[in-house]
Amino acid sequence: MTKNVLQMLEEATRLFPEKTAFSDDKGAVSYKDATAYAKAIGTYIAAKGQRGKAVAVVMEKSKEAVVGFMGVVYSGNFYVPIDTKMPDDRIRKIFDVVEPCAVLTDEANYERMKWSGEKVILYADAVETGKDEEILTAIRRKAIDVDPVYALFTSGSTGIPKGVICCHRSVIDYADWLA
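Below you will find a few notes about this structure. The structure presented is a predicted model; accordingly, all values stated were derived computationally and were not measured. (Residues numbered from 1 in each chain as written. Predicted model: local features only at pLDDT ≥ 70, side-chain atom pairs only at ≥ 80, totals over all residues. Heavy atoms only, no water.)

Right, let's get into the packing of aromatic side chains. Inspection of every chain in the model, using the stated rule, returns four aromatic pairs. Between the aromatic rings of Tyr 174 and Trp 177, the centroid separation amounts to 5.9 Å while the plane-to-plane angle is 25°, which identifies the pairing as stacked. Note that Tyr 174 and Trp 177 are positioned in helix 8 (residues 168-178) at a spacing of three residues, about one turn of the helix. Both residues of the pair, Tyr 174 and Trp 177, belong to the exposed class. Put simply, the rings of Phe 69, Tyr 79 and Tyr 150 pair up and form one aromatic cluster. If you follow Arg 92 out to its NZ or CZ, it ends over the ring of Trp 115, 4.1 Å from the centre. (Phe/Tyr/Trp six-rings, centres within 6.5 Å; stacked < 30°, edge-to-face > 60°. Helix = DSSP H or I, 4+ residues; strand = E, 2+ residues; numbered from the N terminus. Buried < 20%, exposed > 50% of the residue type's maximum accessible area, 1.4 Å probe, protein only. Lys NZ or Arg CZ within 6 Å of the ring centre and 35° of its normal.)

A complete count under the given rule lists 14 salt bridges for this structure. Note that Lys 39 is salt-bridged to Glu 133, the shortest N-O span being 3.0 Å. Of the two residues, Lys 39 sits in helix 2 (residues 31-46) while Glu 133 sits in helix 7 (residues 133-142), which places them 94 residues apart along the sequence. Of the residues examined, Lys 39 reaches a relative accessible area of 13% and is grouped as buried. Classification of Glu 133 by relative accessible area gives partly exposed; the value is 35%. The partner of Glu 64 in a salt bridge is Lys 63, and the shortest N-O contact between them spans 3.2 Å. The class for Glu 64 is partly exposed, based on a relative accessible area of 27%. (Salt bridge = Lys/Arg side-chain N within 4 Å of Asp/Glu carboxyl O.)

Attention shifts here to the state of the cysteines. Taken as a whole, this structure holds zero disulfides when the rule is applied. Here Cys 101 is not disulfide-linked; the sulfur of Cys 166 is the nearest cysteine sulfur, at 19 Å. (Disulfide = S-S within 2.5 Å.)

Within the span of helix 1 (residues 5-15), buried status applies to Val 5, Leu 6, Leu 9, Ala 12 and Thr 13. Angular distribution of buried residues about the axis of helix 1 spans 125°; they occupy a single face of the element. If you follow the buried residues of helix 1, they end up packed against helix 2, helix 3 (63-74), helix 7, strand 7 (148-154) and helix 8. The opening residue of helix 1 is Asn 4, an N-cap whose side-chain oxygen sits 2.8 Å from the backbone nitrogen of Leu 6. (Arc of directions from axis to C-beta. Contact = heavy atoms within 4.5 Å. Polar contact = N/O pair within 3.5 Å; in protein donor to acceptor, adjacent residues only side chain to side chain.)

Here the focus is the nonpolar core. Counting residues in each nonpolar core, the largest one holds 34 residues, and the members touching the most others are Ile 41, Val 57, Val 67, Tyr 79 and Tyr 123. Counting residues per element, the ones that place at least two in this core are helix 1, helix 2, strand 3 (54-58), helix 3, strand 5 (102-105), helix 6 (123-128) and strand 7. At seven residues, the largest contribution of residues to this core is made by helix 3. Look past the residues within four positions of Tyr 123 in its chain and what remains in contact with it is Tyr 37, Ile 41, Met 59, Glu 64, Val 67, Gly 68, Leu 104 and Thr 105. Judged by nonpolar contacts, the second largest core, of 16 residues, contains Val 58, Phe 78, Val 80 and Phe 95. (Core = buried A, V, L, I, M, F, W, Y, C linked by side-chain atoms within 4.5 Å.)

So this is what it looks like as structure tokens:
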């Protein structure tokens, strides 16, 4: 029984390693590479010793952002996608709510996110680290299907962003229903 969304990624990687997993207007990434990059990101974040926490992903919509999401999940945390077009004040309000243990970003947004301190992780640095299967396996052993995968924030009619958390089981059930 599938209890973690990463099992779906890994099964697709096993079946179709060279097929395109994610693409954008700048290119594509295969399942094999997407999984390897995500595991490297997961290892990098896991080395910080946090589990079950929010990790903000501040990147343009891209294949790298999706790989980053999966990397956060490999680390045993959940991702919070942040629209790069949001004003800094709104991002700070979201950060006040989720208290991210890390901020994964790219070169284009790195300077902008420096205010969040040592939590900032540059995507390019994270994918260059080696993956540690032992750490990732230990994290996965502790995972359950109701662990959060992501949190999305609405505009909030009061001006205060409101988040909704989605767990692995919900994503898996939805994917099964679509299939």
